[in-house]
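Below, each chain spelled out in residue letters.
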Amino acid sequence: MTLAGGIFHALPYLIPQFWTATSIASAIVVIELFLIAWIRNRYMDSPFAVSVFQVVVGGALVFLTGVLIGIS
């Protein structure tokens, strides 16, 4: 599952145009986050809204960490 989770938002960077690849990768990440929230709701009995909030906030924290590392 680590491969499946990482490969889909990394593959768009095979496209030579950076902003096109980034846009596609961003859309894939949003889909992945909602999929994770759905899985938590379906199999872990977490309320969907709570799962979406936790997963999206976690994703935002990971994104901000990457930005801070990238600009340092």
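Check the entry above for the structure.
Read on for an overview of the structure. Here the residue numbering is sequential within each chain, running from 1 through the sequence in written order. A pLDDT threshold of at least 70 governs which residues receive local features in this predicted model, and a stricter bar of 80 or more applies before side-chain atom pairs are shown or counted, although totals over entire chains, interfaces and linings include all residues. For the side-chain quantities, the full set of heavy atoms in the structure was used; hydrogens and water were omitted.

1. Focus: the packing of aromatic side chains
Pairing of aromatic side chains here covers Phe, Tyr and the six-membered ring of Trp, requires ring centres within 6.5 Å, and sorts the geometry by plane angle: under 30 degrees stacked, over 60 edge-to-face, intermediate tilted. A complete count under the given rule lists three aromatic pairs for this structure. Summarising the aromatic geometry, the rings of Tyr-13 and Phe-18 are spaced 6.3 Å apart at their centres and angled 45° between planes, so their arrangement reads as tilted. When the centroid spacing of 6.3 Å and the interplanar angle of 85° are considered together, the rings of Trp-38 and Tyr-43 count as edge-to-face. For Tyr-43, a relative accessible area of 58% translates into the label exposed. Through a chain of ring-to-ring contacts, the aromatic side chains of Tyr-13, Phe-18 and Trp-19 assemble into a single cluster. Relative accessible area decides the class of each residue, using a 1.4 Å probe on protein chains only: under 20% of the type maximum gives buried, over 50% gives exposed, and in between gives partly exposed.

Everything listed is a geometric property; what it means functionally is a separate question.
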